[in-house]
Amino acid sequence: MAAGARTGAGPGLYTQAHWLILGIAALLPIADLVLPQSLQVAGLVRPILIFAVLGMGLNVVTGFTGLLNLGVAAFMAIGVYTYAILTCDIYPFQWGFWGGLAGAMVSGMVAGLLLGLPTLRLRGDYLAIVTLGFGEMVQDSLKNLDAITKGTQGINPLPPPTFLGYAASQEQPLRLYYLLLGILAVVVLLTRNLENSRAGRTFISIREDELAAKCMGINPMKAKLLAFVIGACLCSTSGALWGANLGSSGEPGNYDFQLSVLALCIVIVGGMGSVGGVLLGSVVMMGFNSIILVKLTAFLTQRGLIGESVFTSPANWKYLVFGLALILMMRFRPEGLLPSRRVQSELHEIDSGLSAKPRVEDAKP
Amino acid sequence: MSLLRVESLSMRFGGLTAVNQVSFTVEPGQIHAIIGPNGAGKTSLFNAITGVYQPTEGAVLLNGHSPLPPFAVRTAAGIGVVTLLTALGVVLAVNVESLWEAVITANYIYQEPFPVRDAIVSFVQYFRDTELRYSVGAALVGAVLGGTGAYTVWRRTRWVADVLSRAGLARTFQNPRLFHQMSVLDNVLVGMEGRLGAHVWHGLLKLPQHRNESREAREKALAILKFVELEHLVDTTAFCLPYGYQRRLEIARALASEPKLLLLDEPAAGMNPREASDLMILIQKIRARGISVLLIEHHMRVVMGISDRITVLEYGNKIAEGTPEEVRANPKVRAAYLGGADL
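What comes next concerns the included structure.

Here is what the cut-offs are and how they apply
Residues numbered from 1 in each chain as written. Chains lettered and ligands numbered in written order. Predicted model: local features only at pLDDT ≥ 70, side-chain atom pairs only at ≥ 80, totals over all residues. Heavy atoms only, no water. Helix = DSSP H or I, 4+ residues; strand = E, 2+ residues; numbered from the N terminus. Rg over C-alpha atoms; globule rule 2.2 N^0.38 Å. Buried < 20%, exposed > 50% of the residue type's maximum accessible area, 1.4 Å probe, protein only. Contact = heavy atoms within 4.5 Å. Lys, Arg positive; Asp, Glu negative; His and termini not counted. Charge placed at Lys NZ, Arg CZ, Asp CG, Glu CD. Core = buried A, V, L, I, M, F, W, Y, C linked by side-chain atoms within 4.5 Å. Pairing = 2+ DSSP bridges. Axes fitted to C-alpha atoms, helices over the stretch in contact; angles between N-to-C directions. Phe/Tyr/Trp six-rings, centres within 6.5 Å; stacked < 30°, edge-to-face > 60°. Lys NZ or Arg CZ within 6 Å of the ring centre and 35° of its normal.

Of regular secondary structure, chain B possesses 14 helices and 9 strands. Against the 2.2 N^0.38 benchmark of 20 Å for 343 residues, chain B shows a C-alpha radius of gyration of 28 Å, more extended than a compact globule. Counting only C-alpha atoms, chain B reaches 95 × 50 × 35 Å along its principal axes. In chain B, which comprises 343 residues, the share counted as buried stands at 48%. By sequence separation, contacts in chain B at least 24 residues apart represent 72% of the contacts at least 6 residues apart. Taking the average place of the 34 positive charges on the side chains of chain B and the average place of its 31 negative ones, the gap between the two points comes to 4 Å.

The following block contains the structure:
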């Protein structure tokens with residue numbers, strides 16, 4: 001019995017951490033009552049929520065299924081631009097927030113399907129290179145399809161999101177905050193369900209051993225394609241939310257390789273394949289990227305502590321810190337801050353006293 | 001009728017012939033062993049039968065039928081739809097900017113209602129104005145791309161492991177290939193995959209179909225684990241299992257796919273005598289459930305003890321076949337194992 005008892009799963013902190021994080025996020029705006037205007041949480045935390053959705057999408061593809069995708073920014077861009085074209089009043093469609101969101105999800109899924117169909121037979125590094133190339137292609141296409149996408153100007157203004165007739169514009173940051181949080185909660189719930197369902201099990205089995213999965217009657221092509229399409233759908237959802245949040249599509253150059261890497265960092269730092277981990281990863285990475293660095297730079301500039309030199313501005317240290325953080329993570333906690341139970345047990349096999357071969361007699365009934 | 005009929009199957013890798021014109025049959029309810037010295041082509045034969053490799057020549061029949069999916073009306077229709085869609089896609093995409101300008105930009109006046117009818121008229125007009133050969137050329141390129149792509153995908157997914165697994169072949173591997181980070185139970189549940197029918201959205205939304213199916217699957221999986229005597233380790237992560245148990249779990253996972261024929265690749269490798277005799281009992285219990293077994297094995301005690309028929313391979317050729325007694329007495333087999341024709 002011993003081996004079974006030692007690794008038995010339970011609804012512990014690890015498996016329910018995502019609800020804890022979402023719960024804290026739901027209570028955060030209370031802090032706004034005491035914080036000064038420039039530190040209003042409802043405004044600052046929104047990018048974290050949106051990037052958590054992006055991380056969820058990448059997590060399905062890379063965390064569950066084990067396909068390294070370096071082109072998530074492309075799917076995000078497709079989401080933003082579809083949303084922008086479908087909602088902005090310089091185009092005839094004007095479908096409104098939910099219509100635009102649905103349109104963005106569908107276009108993301110179609111893009112995922114188109115990219116996945118010819119390329120998912122590739123393995124590991126080769127697939128990563130193809131997705132990387134796809135990211136560059138989408139960026140350049142958006143830049144050059146001037147007549148449709150307005151090129152480098154970006155599309156704006158986009159109408160604010162609405163929910164049950166209430167507009168959630170920049171002027172009502174709380175509404176926008178809770179709308180985004182609600183969508184993120186739905187995404188988290190669905191991803192958890194996916195992980196615990198038949199499809200999720202299929203994805204993980206492909207990550208673990210594709211040949212064995214195949215011999216068990218799993219069609220790997222179908223399963224990978226499904227994971228890719230679901231991931232692309234979540235990424236383009238995050239894109240649509242990003243557009244709605246900014247009120248602009250931004251320019252195509254915003255959705256570049258660095259953004260894909262940021263998404264990958266969120267998943268790796270949080271813990272590959274762990275839903276709670278992706279939330280935490282987004283808090284850490286985006287909190288650093290879009291709150292701490294921005295505030296620090298503003299503060300130092302205000303005090304006149306930053307000179308002309310590019311080295312003194314904290315915003316320029318960004319990639320140095322990211323790189324260092326990744327190296328330290330890989331050295332000391334490769335499974336991520338909030339790993340899924342499975343990965344943790346694999347990587348810390350020896351520390352937890354589980355040798356690969358417990359005594360046979362011990363485990364006999 | 002034979003459960004499995006292998007007809008002059010050859011497997012060549014470049015100039016190397018790993019399996020040469022091998023034929024044999026497995027009858028229902030039999031335990032059939034394949035033996036031979038190292039490098040005789042046993043595992044290649046297994047891989048060719050189970051769809052890991054595509055056999056270079058020859059045929060494999062299950063219950064007298066080829067398990068290959070035929071080129072049905074549905075296949076043709078699917079390829080046709082893909083062809084049309086890609087052709088259409090390429091025609092629209094080839095000059096998408098001017099199309100957009102002609103249809104959308106030209107008809108939309110800022111903040112006025114969009115005249116859909118006019119847009120359709122200009123859409124048609126746009127293709128009237130473009131020279132026909134451009135559109136036809138684009139359509140042809142798209143059709144060729146889509147058609148050949150779809151056909152290639154269909155061809156490549158015929159003789160593959162998942163199709164054969166669903167047709168009733170299940171296998172284990174020479175070195176256990178478990179899903180290490182999954183629990184013992186989940187490993188068995190993956191084995192059941194080919195028999196489950198719930199769709200993604202059933203699982204996403206936790207619909208009743210999904211719940212019922214996963215409850216039933218769980219019960220079945222527990223029964224199988226009980227059968228291989230691993231029921232006390234249900235929640236253990238697979239890589240924590242001792243080696244002998246890993247092999248048992250692999251067999252349980254294969255049984256979960258409800259096979260007609262179970263192929264075991266050296267199930268007793270690395271086992272101590274006690275584990276090996278437990279394994280012999282297990283294999284006989286599997287046969288008693290009506291599942292035929294084809295196994296590769298080096299442990300002669302196991303092979304001679306449980307096999308109904310034995311096929312002997314050497315350098316890819318079948319050199320003998322028969323009951324254990326016949327094979328044991330065969331001089332060619334002795335020569336293959338001990339070397340020298342005069343022994």
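Bringing the nonpolar core into the picture now. Nonpolar side chains in soluble globular proteins generally cluster together in the buried interior. Counting 112 residues, the largest nonpolar core has A:Phe51, A:Phe203 and A:Tyr255 as its most contacted members. Ranked by residue count, the leading element in this core is helix 12 (residues 220–246) of chain A, at 13 residues. Dropping the residues within four chain positions of it, A:Phe51 is found in contact with A:Met76, A:Trp242, A:Leu259, A:Leu262, A:Ile266, A:Ser282 and A:Met286. Counting residues in each nonpolar core, the second largest holds 53 residues, with B:Met192, B:Ala238, B:Ala268 and B:Val312 among its members.

Next up on the list: the sheet that holds strand 3 (residues 31–35) of chain B. All names here are of chain B. The strand order 5-6-7-3-8-9 describes an open sheet built from 6 strands, whose pairing is mixed. Of all the strands in the sheet, just strand 5 (169–171) and strand 9 (317–322) have a single pairing partner and so form its edges. Taken over all neighbouring pairs, the strand axes of this sheet differ in orientation by 20 degrees on average, direction set aside. As defined by bridge partners, strand 8 (residues 309–314) adjoins strand 9 across 5 bridges and the pair is classed as antiparallel. Bridge assignment links valine 312 to a residue of strand 9, and that residue is alanine 320.

Take the packing of aromatic side chains next. The full count for this structure, using the stated rule, is 17 aromatic pairs over all chains. A centroid spacing of 5.1 Å and a plane angle of 90 degrees characterise the contact between B:Phe71 and B:Trp154, whose relative ring orientation is edge-to-face. Of this pair, B:Phe71 sits in the loop between strand 4 (57–62) and helix 2 (73–93) while B:Trp154 is found in helix 5 (residues 132–156), placing the two residues 83 residues apart along the sequence. With a relative accessible area of 47%, B:Phe71 lands in the partly exposed category. On the basis of relative accessibility, which here comes to 16%, the residue B:Trp154 falls in the buried class. Linked through ring pairs, A:Tyr83, A:Phe97, A:Trp98 and A:Phe163 together constitute an aromatic cluster. Across the ring face of B:Phe179, the terminal group of B:Arg253 is positioned such that the distance to the ring centre comes to 4.7 Å. In this structure, B:Lys285 is placed above the aromatic ring of B:Phe227, and the distance from its NZ or CZ to the ring centre is 4.8 Å.

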